[in-house]
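One letter stands for each residue in the lines below.
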Amino acid sequence: MTKLPSDQLGESWARFLAHWIASCFGFMLNRLLPLVLEWPAPVAHAIFPRWWMLLGSAGLASLLTVVFNANLPVTARELMKSAAMGFAICAILQIFGLNG
Amino acid sequence: MSIESIAQATAKPTPTEAWPLFWRYYRRLVDVLSLAGLAGMVGITLYCLEVRAHYERSYAAAFLIALLGLIVMLLAWAQQAIAARDLASWRDMVEWQIRAAHRKIAQRGGESELHDQYFECLIDTLIADMHSGVDAAPAGEQEGR
């Protein structure tokens, strides 16, 4: 009784969805950053995936994030970690050239 | 049943107020910073999708799906916050009742009378139930309501 249940660890669907979507946003941010880093014109040789490829790979890769983060509470602080993990997974995939 | 267990259970759990002012402000600052960072990441992603949609028309679908995802994320967030608030107010109510019963017992007589009273047994059961409920089903089952 020292803590609110919302501060305690444990999986629920709301947590799963929130962290999954936050991780997807982080993943997509990493893929699309060349668009704003080179504003107004994107780099000529930058290759962007098809939109369904982007969303699908983000969703699949974010499942890995959710495996670890779905028991965290839904706060800005924890969602930041999920988004950062999605970003990092995308960076790792790009290093190994697995991003299509 | 002992009066200590009741007093222990009815003690107000206020862990945040025990912290010094500096740490409370620090925590709030970190919360605000991470909220700004999260909003920045989501906003930049949506903006990138929108920019990309100017080059490749079909990215408008991705933009729409990302908007929907943002709405779902905010709904899940709100569900968690509302469930926590409901549970907190429910708990406050129960604790207030327990404290009132405790005061009444103290006014009425000593420890010897305690064993004969049905209502206090009920209260003790309630306390044990609250304890076991919090320990056994931490988040998922209680917030699912």
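Thresholds applied
Once a new chain begins, its residue numbering starts again from 1 and follows that chain's sequence as written. Each chain takes a letter, starting from A, and each ligand takes a number, starting from 1, following the order in which they are written. Local features in this predicted model are restricted to residues whose pLDDT is 70 or higher, and side-chain atom pairs enter the listing and the counts only when it is 80 or higher, whereas totals over whole chains, interfaces and linings include all residues. Each helix is a run of H or I in the DSSP string that is no shorter than four residues. Each strand is a run of E no shorter than two, and both are numbered from the N terminus. Burial in this document is a count-based property: other C-beta atoms within 10 Å of a residue's C-beta are tallied, and the residue is buried at 20 or more, exposed at 12 or fewer, or partly exposed in between, with C-beta positions derived from the backbone. Whether two residues are in contact is decided by their C-beta atoms, placed from the backbone, lying within 7 Å. To form a nonpolar core, buried Ala, Val, Leu, Ile, Met, Phe, Trp, Tyr and Cys residues must be joined through C-beta atoms within 7 Å. A helix is expected to span 1.5 Å multiplied by its residue count minus one. Confidence of the predictor in every single residue is expressed as pLDDT, which spans 0 to 100. To get the bend at a residue, fit one axis to the 7 residues ending there and another to the 7 starting there, then take the angle between the axes. Interaxial angle, 0 to 180 degrees, is taken between N-to-C directions of lines fitted to C-alpha atoms, where a helix line uses only the stretch in contact. Under this scheme an angle from 65 to 115 degrees is roughly perpendicular, one under 35 degrees roughly parallel, and one over 145 degrees roughly antiparallel; angles in between are oblique. By definition, any crossing whose near helix is turned counterclockwise from its far helix by less than a right angle is left-handed, and any crossing with a clockwise turn is right-handed. Residue polarity is assigned by list, with Asp, Glu, Lys and Arg as charged and Ala, Val, Leu, Ile, Met, Phe, Trp, Tyr, Cys and Pro as nonpolar; anything else, Gly included, falls into the polar class.

Novice: Can you walk me through the overall build of chain B in this structure?
Specialist: When helices and strands are counted, chain B shows six helices and zero strands. In chain B, the succession of α and β elements from N to C terminus is α-α-α-α-α-α. The buried share of chain B, reckoned over its 145 residues, is 17%. Residue pairs at least 24 apart in sequence account for 56% of intrachain contacts in chain B once pairs closer than 6 positions are excluded.

Novice: Quick question: what am I supposed to make of the overall build of chain A here?
Specialist: Within chain A, the secondary structure is distributed over three helices and zero strands. Secondary structure of chain A in N-to-C order comes out as α-α-α. For chain A, with 100 residues in total, the buried portion stands at 44%. Sequence-distant contacts, at least 24 apart, represent 83% of the contacts inside chain A between residues at least 6 apart.

Novice: Help me understand the nonpolar core in this model?
Specialist: In globular proteins that are soluble, nonpolar side chains generally tend to be buried together. Formed by 39 residues in total, the largest nonpolar core has its most connected members in Ala-18, Ile-21, Phe-25, Phe-27, Met-28 and Ala-83 of chain A. Going through the elements one at a time, helix H1 (13–37), helix H2 (51–69) and helix H3 (76–95) of chain A together with helix H2 (21–55) and helix H3 (59–108) of chain B are the ones with two or more residues in this core. No other element matches H1 of chain A, which puts 13 residues into this core. For Phe-25 of chain A, the residues in contact, after removing those within four places along its chain, are Ala-83 and Gly-86 of chain A together with Met-41, Val-42 and Thr-45 of chain B.

Novice: How should H2 of chain B be read in this particular structure?
Specialist: Helical periodicity: at 3.6 residues per turn, an α-helix aligns residues three or four positions apart in one direction. Taking 1.5 Å as the rise per residue, H2 of chain B with 35 residues should run 51 Å; its terminal C-alpha atoms sit 51 Å apart, in good agreement. The complete set of buried residues in H2 of chain B reads Leu-38, Met-41, Val-42, Thr-45, Leu-46, Cys-48, Leu-49 and Arg-52 of chain B.

Novice: How should the confidence of the model for chain B be read in this particular structure?
Specialist: Low-confidence regions, as indicated by low pLDDT, have predicted coordinates that should not be scrutinised in detail. Residue and element names in this part refer to chain B. Model confidence for chain B is summarised by a mean pLDDT of 76, while 69% of its residues fall at 70 or above. Per-element averaging of pLDDT across chain B places helix H6 (residues 140–143) at the bottom with 44 and H2 at the top with 92. Scored below 50 in pLDDT, residues 138–145 shows 22 contacts in the model against residues more than four places distant or in partner chains.

Novice: Help me understand the environment of Arg-77 of chain A in this model?
Specialist: Tracing the chain through its elements places Arg-77 of chain A in helix H3. On the basis of neighbour counts, which here come to 16 C-beta atoms within 10 Å, the residue Arg-77 of chain A falls in the partly exposed class. With 20 residues separating them in the primary sequence, Arg-77 of chain A and Ser-57 of chain A have C-alpha atoms 25 Å apart. The contact partners of Arg-77 of chain A, leaving out residues within four places of it in the chain, are Val-30, Asp-31 and Ser-34 of chain B.

Novice: Even after reading the chapter, I still don't get H2 of chain A, so can you show me in this structure?
Specialist: Residue and element names in this part refer to chain A. An ideal rise of 1.5 Å per residue puts 27 Å on 19 residues; H2 measures up with 26 Å between its terminal C-alpha atoms. At Leu-63, H2 shows its largest kink, close to 30 degrees. Looking only at H2, the buried set comprises Trp-51, Leu-54, Leu-55, Ser-57, Ala-58, Ala-61, Ser-62, Thr-65, Val-66 and Asn-69.

Novice: I keep staring at the environment of Arg-91 of chain B and nothing clicks. Help me out?
Specialist: Residue and element names in this part refer to chain B. Mapped onto the elements, Arg-91 comes out in helix H3. Taking the number of C-beta atoms within 10 Å as the measure of exposure, Arg-91 has 16 and is therefore partly exposed. Here the alpha-carbon distance between Arg-91 and Ile-123, two residues 32 residues apart in the chain, equals 14 Å.

Novice: Explanation requested: the packing of H3 of chain A against H2 of chain B in the structure shown.
Specialist: What describes two packed helices is the angle between their axes and the distance between those same axes. Contact pair H3 of chain A / H2 of chain B: the axes reach a minimum separation of 8 Å and the direction vectors enclose 40 degrees. Here H3 of chain A is positioned oblique relative to H2 of chain B, judged by the angle of their axes. The handedness of the crossing between H3 of chain A and H2 of chain B comes out as left-handed. Here Ala-76, Arg-77, Leu-79, Met-80 and Ala-83 of chain A of H3 of chain A come into contact with H2 of chain B, specifically with Val-30, Asp-31, Ser-34, Leu-35, Gly-37, Leu-38 and Met-41 of chain B. Looking at the contact of H3 of chain A with H2 of chain B residue by residue, the classes come out as eight nonpolar, two polar and two charged.

Novice: Teacher, can you tell me more about the packing of H1 of chain A against H3 of chain A here?
Specialist: Residues and elements named next belong to chain A. Where H1 meets H3, the axes come as close as 7 Å, and the angle between the chain directions of the two elements is 40 degrees. Considering their axes alone, H1 and H3 lie oblique with respect to each other. Here H1 and H3 pass one another in a crossing that is right-handed. For the pair H1 and H3, contact is made by Ala-18, His-19, Ala-22, Ser-23, Cys-24, Phe-25, Gly-26, Phe-27, Leu-29, Asn-30 and Arg-31 and by Leu-79, Ser-82, Ala-83, Ala-84, Met-85, Gly-86, Phe-87, Ile-89, Cys-90 and Ala-91, respectively.

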